[in-house]
Structures are given as structure tokens and as C-alpha cells.
Amino acid sequence: MHVRKRLAYGTLAASLLAGVMTLAPTAAQAGEERTAAASCYDSAHSYSKPEGTADLPAGRLFMTSGDCADINIKPRTNRYVMVCFETASGGSYCPSDYTLARGGQWNVIEYDVPDGTQFYFHFRSAALSNGSWAA
């Protein structure tokens, strides 16, 4: 009888240990993702888009860095925005439609953008907009 109990407890302990070992990498990965996001947003830049223009920055380009994998924006108020890239011929290319960027929170507008890529934000509205961006 004692042998069966010990065998059962041993099996239970092994199962619990296997479960903990399986969850440990997941928790570590989640921590790494939070750290990466924090460092991305730690390098954020503030912006102020004046009324009357839809592009930010007007007549210039921003550049992605190694700090973020994505292009992010945090407007103070809700804004529809897209990211556009300059083409080799000097034109521009906007690969996606407008995204509703919620005010007061970080919003990914374009995913997996290589480091050193030049871009600008194109707002649906020409109204004044302030906030932050990180890329």
C-alpha cells in the first residue's frame, strides 16, 4: 500500500514539475516582450502636427531605429492615421489603410519595418494633433 502511495506521489510530482518547466519559457518570453516594448517607448519622440496639414512631418521624413520593430503612435486624442514610405523614384507609397489610433495609448500603425526606413504619418484629418511616436 505504501509503495502505491509513493508511486502516485512521485508521478504527481513529476507531472507538476513538467508543467512548471513548460510554463517557464512562456513567462520569460512575456517578460522579454514587455522589456522590448518599454525600451521602444522609452525612445519615443513628441510631435505636434499643425492644423491645415495632413502629413507629419510636413516636407520631411522620420526614420526607424533599432529600438522598435514597428511604427507606433500615441496621439492625445483619437486620430485616423496611416504610415507612408518614400519610394526610390521620389514618390510615396502607403501600404495600408487608415488605422484608428486611440488617444492616450500606444498604437501600432505599421508592423515589422526594417531599421533605417524613412517614413511619414498621413492623417485623415488636417486638424491639429499632438502626441508621441516611436519607431
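Here's what I pulled together on the structure shown here.

## A few points about the overall build of the chain
Summing up its helical and strand segments, the chain has one helix and 10 strands in all. Tracing the chain from N to C terminus, the helices and strands come up as α-β-β-β-β-β-β-β-β-β-β. The buried share among the 135 residues of the chain stands at 26%. Long-range contacts, defined as pairs at least 24 residues apart, comprise 79% of the intrachain contacts of the chain with a sequence gap of at least 6. Carbon and sulfur atoms make up 55% of the accessible area of the chain, which amounts to about 8,600 Å² in all.

## As for the state of the cysteines
By definition, a disulfide links two cysteine residues through a covalent bond between their sulfur atoms. This structure, assessed with the given rule, holds two disulfides. Note on cysteine connectivity: cysteine 40 is disulfide-linked to cysteine 68, with sulfurs 1.8 Å apart. Torsion about the S-S bond of the cysteine 40 and cysteine 68 cystine: about 100°, corresponding to right-handed handedness. With cysteine 40 in helix α1 (residues 2–42) and cysteine 68 in the loop between β3 (62–63) and β4 (71–75), this residue pair connects regions lying 28 residues apart in the sequence. Classification of cysteine 68 by relative accessible area gives buried; the value is 6%. Residue pairing for cysteine 84: its cysteine sulfur links by disulfide to cysteine 94, the two sulfurs lying 1.9 Å apart. Across the S-S bond linking cysteine 84 and cysteine 94, the dihedral sits near 100°, which makes this disulfide right-handed. Pair noted here: cysteine 84 is in strand β5 (residues 79–86) and cysteine 94 is in the loop between β6 (92–93) and β7 (99–101), with a separation of 10 residues, a long-range link. When the bonded cysteines of the chain are numbered from the N-terminus onward, they pair as 1-2, 3-4.

## Regarding the environment of phenylalanine 85
Tracing the backbone through its elements, the reader meets phenylalanine 85 in strand β5. Considered as a pair, phenylalanine 85 and glutamine 118 are 33 residues apart in the sequence and their alpha carbons are 6.2 Å apart. For phenylalanine 85, the contacting residues outside a window of four places in its chain are Ile71, Gly91, Ser92, Tyr93, Pro95, Glu110, Val113, Thr117, Gln118 and Phe119.

## With respect to the packing of aromatic side chains
Following the criterion strictly, the structure yields seven aromatic pairs and no others. A ring pair is formed by phenylalanine 62 and phenylalanine 121, whose centres lie 6.1 Å apart and whose planes are at 65°; its orientation type is edge-to-face. Here the residue phenylalanine 62 occupies a position in strand β3, and phenylalanine 121 occupies one in strand β9 (residues 118–123), the gap between them amounting to 59 residues. One exposure class covers both phenylalanine 62 and phenylalanine 121, and it is buried. Residues phenylalanine 119 and tryptophan 133 carry aromatic rings whose centres are separated by 5.7 Å and whose planes lie at 80° to one another, so their mutual orientation is edge-to-face. Placement of phenylalanine 119 in strand β9 and of tryptophan 133 in strand β10 (residues 129–134) is noted, with a sequence separation of 14 residues between them.

Calculation criteria
- Residues numbered from 1 in each chain as written.
- Predicted model: local features only at pLDDT ≥ 70, side-chain atom pairs only at ≥ 80, totals over all residues.
- Heavy atoms only, no water.
- Helix = DSSP H or I, 4+ residues; strand = E, 2+ residues; numbered from the N terminus.
- Buried < 20%, exposed > 50% of the residue type's maximum accessible area, 1.4 Å probe, protein only.
- Contact = heavy atoms within 4.5 Å.
- Areas by Shrake-Rupley, 256 points an atom, 1.4 Å probe, with all protein chains shown as cover.
- Disulfide = S-S within 2.5 Å.
- Phe/Tyr/Trp six-rings, centres within 6.5 Å; stacked < 30°, edge-to-face > 60°.

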